[in-house]
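The lines below spell out each chain.
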Amino acid sequence: GVGGVNFWSGFLWWWGCFFFFFLFLGVMASPGMYRNAWNPSGSESVSVILRQAGELIGEARQNYGRIGIPSVFHLPVLRAAHRERLNSKMASKEGLMCPDADFIRKSLKMLRISGATYAMGAKNKLKASARSGSLLEADLVAAKGKLDPESIVKISLGTGLGPEVPRHFILLDHASRSLVIAVRGTMSFSDVYTNLVCRPWPFSGGYAHEGMASSARSLWNHLGMYVKKILPDGYSLKIVGHSLGGGIAILTALHLLTDPLESSFRRKTDISCWAYASPPVFKDVRRLVPRVRNRINCFVNKDDVVPTLSFAKVGKIFEHLRMLDRVGWMDRWRALNCANPVEFLEHKMQGRFSKRSDSEDLQLPGQIYWMWGKGDFRLVKPGTLSELMVSDTMVVNHMVGAYERTLLSILEDAE
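Residues numbered from 1 in each chain as written. Predicted model: local features only at pLDDT ≥ 70, side-chain atom pairs only at ≥ 80, totals over all residues. Heavy atoms only, no water.

## What to know about the packing of aromatic side chains
Where we set the bar: Pairing of aromatic side chains here covers Phe, Tyr and the six-membered ring of Trp, requires ring centres within 6.5 Å, and sorts the geometry by plane angle: under 30 degrees stacked, over 60 edge-to-face, intermediate tilted. Secondary structure follows DSSP: runs of H or I at least 4 residues long count as helices, runs of E at least 2 residues long count as strands, and numbering of each begins at the N terminus. Categorising residues by exposure relies on relative accessible area from a 1.4 Å probe, with only protein chains included: less than 20% of the type maximum marks a residue as buried, more than 50% marks it as exposed, and the intermediate range marks it as partly exposed. Charge over a ring is defined by NZ of Lys or CZ of Arg lying within 6 Å of the ring centre and within 35 degrees of the ring normal.
Summed over all chains, the structure comprises nine aromatic pairs. Seen from their ring centres, W274 and F299 are 6.2 Å apart, and the 10° between their planes marks the pair as stacked. On the criterion of sequence distance, the pair formed by W274 in strand β8 (residues 271–276) and F299 in strand β10 (residues 296–301) is long-range, its members being 25 residues apart. Note on F299: relative accessible area 1%, which makes it buried. Aromatic side chains F299 and Y369 sit 5.3 Å apart centroid to centroid with 25° between the ring planes, which places their arrangement in the stacked category. Of the two residues, F299 sits in strand β10 while Y369 sits in strand β11 (residues 367–373), which places them 70 residues apart along the sequence. Both residues of the pair, F299 and Y369, count as buried. Among the aromatic residues, those joined into a ring-pair cluster are F103, W274, Y276, F299, Y369 and F377. Note that K154 overlies the ring of Y226, its terminal NZ or CZ placed 5.2 Å from the centroid.

## Observations regarding the side chain of H398
To keep it simple, the criterion reads: Contacts described as polar in this section are N or O atom pairs within 3.5 Å, which, within protein, must combine one atom able to donate a hydrogen with one able to accept it, while residues neighboring in sequence count only if both atoms come from side chains. Here, residues are in contact when the closest pair of their heavy atoms is within 4.5 Å.
Structurally, H398 is set in the loop between β12 (376–380) and α15 (400–414). Only 3.0 Å separates the side chain of H398 from the side chain of S243, close enough to count as a polar contact. Beyond its immediate stretch of four places on either side in the chain, H398 contacts H242, S243, A277, D304, V306 and Y403.

## A few points about the packing of helix α5 (residues 101–116) against α15
For the record, the criterion: Here an axis means a line fitted to C-alpha atoms, over the contact stretch when the element is a helix, while the angle between two N-to-C directions is reported on a 0 to 180 degree scale. For classification, angles of less than 35 degrees are called roughly parallel, those exceeding 145 degrees roughly antiparallel, those between 65 and 115 degrees roughly perpendicular, and all remaining angles oblique. It is the rotation of the near helix from the far one that decides the hand of a crossing: anticlockwise by less than a right angle makes it left-handed, clockwise makes it right-handed. Classification convention: Asp, Glu, Lys, Arg as charged; Ala, Val, Leu, Ile, Met, Phe, Trp, Tyr, Cys, Pro as nonpolar; all other residues, Gly among them, as polar.
Across the interface, α5 lies against α15 with an axial gap of 9 Å and an inter-helix angle of 165°. Here α15 runs roughly antiparallel to α5, going by the angle between their axes. Two packed elements cross with a definite hand, and for α5 against α15 that hand is left-handed. Between α5, through A101, I104, R105, S107, L108, L111, R112 and G115, and α15, the contact on the second element is made entirely by V400, Y403, E404, L407, L408, I410, L411 and A414. When grouped by side-chain class, the residues that make up the contact of α5 with α15 number 11 nonpolar, two polar and three charged.

Right, here's the structure in full:
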């Protein structure tokens, strides 16, 4: 029946996710793939990178315990509990707002620019073009984002930059009087490794995702002087990105908005960030001042899993699976079919379900817009997305196209 199909599809999907998570964690390390941005002259050796990956796995086992085949069979139960929690949050109508149509149009434009970065490195798609090099890349990026190729003033070709500098392009948008830095999301093994170097690291008065913080510092070290040189008077600076690119964009903007060495630049320049589907990248020790918080716009589409995905949250999933080992098979079956699986499991496990907290668990900083489509656009607090969202559509809703469709439906309603 349908229930059986859902059970096994959920089981196979999640077992695959966990398998590939550890596969990437263990093997995606190669010479020069990661460099410490606070010590630009020193590269991590292969042995150091592999040892770091091993330490990360060991830390997960120490903090959250091992999981085996019996634990993985509990994934459908956990999925049902998460689905019920998500439905509860949706029913609360927390943060529901009437969005301004101009704001949604601007958000849609920045999303399309972010999505255009994925055209970089796809030269084989335009073999008939007479242009070459960066001009050919500009054609591809402009076609992807519906942009004017002449407005693209710089585009990274990935040569001579080092893998710690993310792929990006710079757009001079005269219509909005802004210069836009667009950072690409995950498309290469080095990008994967940047995602996986995920320990909290001291950054801008708090803690940040180590790999993305390194990439953000390297990006600005590479671009800073050039941007300050070409930025026209009276133009704003926007930093945009999707997924990994969104995380790097957030931390680059945080650096510019908080670093004392950039105080003169930010006094004369309006700096803002537009991040889509970004993972949680920052935990502030001292609360961000409104001047900083209001310049960072984070967008989350429906049940997209990435904005809730962090090392600590994956660890909590492991812990929940181990807790479910202590519940009998009949109780697990009842949890799958009851109206409130969370309440049922909390009772069976004596309140130990989902009680673990991590003081250094990362979050999305700034303004967080949680979008569900026409009539449902929310401005929420970071705590709303404090738990990993597990659902059948959590990967599909991460894609740029899914974000665009949701924003278009919201724009239709706003107009």
